[in-house]
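Fold and contact review
Here's the letter readout for the chains.
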2 protein chains.
Amino acid sequence: MTEATRRERLRAETERDIRRQARALLVEHGRDAVTLRAIARELGITAPALYRYYDSREDLLRKLAEDICTDLAAELNTKLQGIAEDDISAQVFVVCRGFRRWALAHPQEFTLVFASTEDALGRCGPNEDHSQVGDQFGRVFLEVAGRLIVGHPLPDEIGQNVPEGLHADLKAFQRILLATVNARGVEVDEQVLTLGAVYHITQSWVRIYGHVALEVFGRFPFAVTNPEPLFDSMLAEIMGGMGLSQQP
Amino acid sequence: MTEATRRERLRAETERDIRRQARALLVEHGRDAVTLRAIARELGITAPALYRYYDSREDLLRKLAEDICTDLAAELNTKLQGIAEDDISAQVFVVCRGFRRWALAHPQEFTLVFASTEDALGRCGPNEDHSQVGDQFGRVFLEVAGRLIVGHPLPDEIGQNVPEGLHADLKAFQRILLATVNARGVEVDEQVLTLGAVYHITQSWVRIYGHVALEVFGRFPFAVTNPEPLFDSMLAEIMGGMGLSQQP
DNA sequence: GCAGGTCAGTGAACGGTGTTTACGAAGTTG
DNA sequence: CAACTTCGTAAACACCGTTCACTGACCTGC
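Predicted model, so just to flag it, every value in this text is computed and none were measured. (Residues numbered from 1 in each chain as written. Chains lettered and ligands numbered in written order. Predicted model: local features only at pLDDT ≥ 70, side-chain atom pairs only at ≥ 80, totals over all residues. Heavy atoms only, no water.)

**What to know about the protein's contact with DNA strand C**
Around DNA strand C, 22 residues are found, and the nearest of them are A:R11, A:R52, B:T5, B:R37 and B:Y51. The share of sugar and phosphate among atoms of DNA strand C within 4 Å of the protein is 60%. Between DNA strand C and A:Y53 there is a distance of 2.6 Å, counted from a phosphate oxygen to a side-chain nitrogen or oxygen. In this structure, B:T5 approaches DNA strand C through a side-chain N or O atom, which is 2.3 Å from a phosphate oxygen. Contributing elements (two or more residues each) for the surface near DNA strand C: α1 (6-29) of chain A together with α1 (6-29) and α2 (36-43) of chain B. (Near = heavy atom within 4 Å. Polar contact = N/O pair within 3.5 Å; in protein donor to acceptor, adjacent residues only side chain to side chain. Helix = DSSP H or I, 4+ residues; strand = E, 2+ residues; numbered from the N terminus.)

Here it is as structure tokens:
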């Protein structure tokens, strides 16, 4: 039988409805339109009732951002399942292109999760200790990146020039990355996932995020009528820089 | 004498005051705190009076974004004047580092100008025809980038792999860039400022913007305790990729 | 099974917001 | 000085987040 009591079931249901409505408002009319009163109106309840579920509007938005992260991760994981286990290169393409397409299709959600100052929203995910990847999406992204490196160690010349001041941070990140990849059953140590590789992953994220954000915000220095080739060529360049063959 | 009438002088003065107050509210308490009533209160007038100057709150925010762009450009130009005319490499460093420092010092302004969807704000600058650089900051950035290329043509191997689908856009951008650089008295044609060079500038902007935005929004995949070396090493990498010597 | 506690939801209220409207009081111009 | 333009006001409307005292349904232990 359902272990939960009637009240608990109802509560969970309402909570789901609240987030669904909030999500719809965000997607269709932007962050400012995510209003406690609008959500309540749509649900046929009154605004103060929402305070039984969230401490404040800001709290709701924070939870919403976590939901979005989780959903994005799930979407990418689904796409990942259609790819051969050993074709890591294809996996990277799927994740990166999937991220871009999602951001373009849901600019408001992208803005909330990936372009909000920390004090206005806080990070996704509950773990603030930074010993793990902060959010679900980050986990998917880094897992694939890690597997890519593991399956295809970087040429030695890459990453000999990581700046001294970054060694401590990169070493910490290396530990996180090793844990993340190992958690999926792939054995790997710092002989393969070198500091240079970690640095390269960071730089790749900078470029991918940079392109996507620029496209979402229309901040390229010129009018790009068809940005997809630009993204794909950047991706190919990143992969090529790691000594990997690119593919369409 | 002052050509303007008394009324015109007063109007210009209050308009300046309005923007100054709006700016202060934005910087100190974020976009949501830029309230018509708060601005009016601070100025000792009433909120509806602001409608003599702006069509709506959104209109004010748009104008504010233009101001910010212009001020940023002025700030960078001032820093640029302290650099030797022929040391283009140093000019690039000054502009890029200046952009990063400004963004970190004014995250709210950065968010408004560089991380807002177009429909929520529209682009800076009045010219929507895209035959010119959209905003003041873009002009400064591209001027320096253009001068860099002109003073130091790229190795031939760079930019042979610009994707076919981008040729049209890049050619248009090339025209803009040529006009922008030529407007400063430097003669240059498309033999020097090749399509590959234009592509390289675009990619560089992606990386610089990506790093700065990630830092402002705290969205690096790990806790970077000291992001400055990361930025500088990226800058050095970009310059190095163009066959230029880097410098601290 | 029912008394007592828990808890989702309500309605009223407070202070805040953007925006419109009609109106007055200056400045400008013939 | 009269006519006109322009800046600012007060009042009002419809929203907003949030708090508070409250009802009524649910759940639990006796």
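**Things to note about the relation of the copies chain B and chain A**
Expressed as a screw transformation, the operator carrying chain B onto chain A has a rotation angle of 180° and an axial translation of 0.0 Å, and the superposed copies differ by an RMSD of 0.1 Å. The symmetry that links the two subunits is that of a two-fold axis. If distances are taken from each C-alpha of chain B to the rotation axis, the shortest is found for B:G210, at 1.8 Å. Most of the interface of chain B is mirrored in chain A: 100% of its interface residues are interface residues there too. (Least-squares fit on C-alpha atoms with pLDDT ≥ 70 in both. Contact = heavy atoms within 4.5 Å.)

**Some words on the interface of chain B and chain A**
At the junction of the two partners, chain B supplies 49 residues and chain A supplies 49 residues. Summing both sides of the interface, chain B and chain A together bury roughly 4500 Å²; the carbon and sulfur share of this comes to 59%. A:D135 is paired through a salt bridge with B:R219; the nearest N and O atoms lie 2.8 Å apart. Our count for the chain B to chain A interface comes out at 14 residue pairs in polar contact (both at pLDDT 80 or more). Looking at the side of chain B that touches chain A, the elements with two or more residues in it are α5 (107-114), α6 (118-121), α8 (167-182), α9 (195-217) and α10 (227-241) of chain B. Of the residues forming the side of chain B that touches chain A, the biggest block, 13 residues, is contributed by α9(B). (Buried area = accessible area lost by both parts, 1.4 Å probe. Salt bridge = Lys/Arg side-chain N within 4 Å of Asp/Glu carboxyl O.)

**Some points on helix α7 (residues 136-151) of chain A**
All names here are of chain A. An ideal rise of 1.5 Å per residue puts 22 Å on 16 residues; α7 measures up with 23 Å between its terminal C-alpha atoms. Judged by how many residues are buried, α7 sits mostly within the fold: 12 of 16 residues are covered. Every buried residue of α7 is accounted for by F137, G138, V140, F141, L142, E143, V144, A145, G146, R147, L148 and I149. Against α3 (57-81), α4 (88-105), α5 (107-114), α8 (167-182), α9 (195-216) and α10 (227-241) lie the buried residues of α7. Its side-chain oxygen 3.1 Å from the backbone nitrogen of F137, D135 forms the N-cap of α7. (Expected span 1.5 Å × (residues − 1). Buried < 20%, exposed > 50% of the residue type's maximum accessible area, 1.4 Å probe, protein only.)

**Here's the deal with the nonpolar core**
Among the nonpolar cores identified, the biggest contains 159 residues, and A:F99, A:F110, A:F114, A:Y209, B:F99, B:F110 and B:F114 are the most heavily contacted of them. Here this core takes 14 residues from α9(B), the largest share from any one element. Excluding residues within four positions of it along the chain, B:F114 makes contact with A:F217, A:R219, B:L72, B:F99, B:W102, B:F137, B:W205 and B:Y209. (Core = buried A, V, L, I, M, F, W, Y, C linked by side-chain atoms within 4.5 Å.)

**Some remarks on the confidence of the model for chain A**
Taken as a whole, chain A shows an average pLDDT of 88; of its residues, 90% reach a score of 70 or greater. Averaged pLDDT values over the elements of chain A bottom out at 73 in helix α6 (residues 118-121) of chain A and peak at 98 in helix α2 (residues 36-43) of chain A. (pLDDT = per-residue confidence, 0-100.)

**Some points on the packing of α9(A) against α10(A)**
All names here are of chain A. At a minimum axis separation of 11 Å, α9 and α10 run at an interaxial angle of 180°. In terms of axis orientation, α9 runs roughly antiparallel to α10. Between α9 and α10, the contacting residues are H200, S204, R207, I208, H211, V212 and E215 on the first element and P227, L230, F231, M234, L235, E237, I238 and G241 on the second. Counted by class, the contact of α9 with α10 contains 8 nonpolar, 4 polar and 3 charged residues. (Axes fitted to C-alpha atoms, helices over the stretch in contact; angles between N-to-C directions. Parallel < 35°, antiparallel > 145°, perpendicular 65-115°, else oblique. Nonpolar A, V, L, I, M, F, W, Y, C, P; charged D, E, K, R; others polar.)

**Quick notes on the packing of α8(A) against α9(A)**
All names here are of chain A. Packing of α8 against α9 brings their axes to within 9 Å, and their N-to-C directions diverge by 90°. Considering the angle they form, α8 stands roughly perpendicular to α9. Together, H167, L170, K171, F173, Q174 and L177 of α8 and L195, V198, Y199, I201 and T202 of α9 make up the contact between the two elements. Across the contact of α8 with α9, the residue classes break down as 7 nonpolar, 3 polar and 1 charged.

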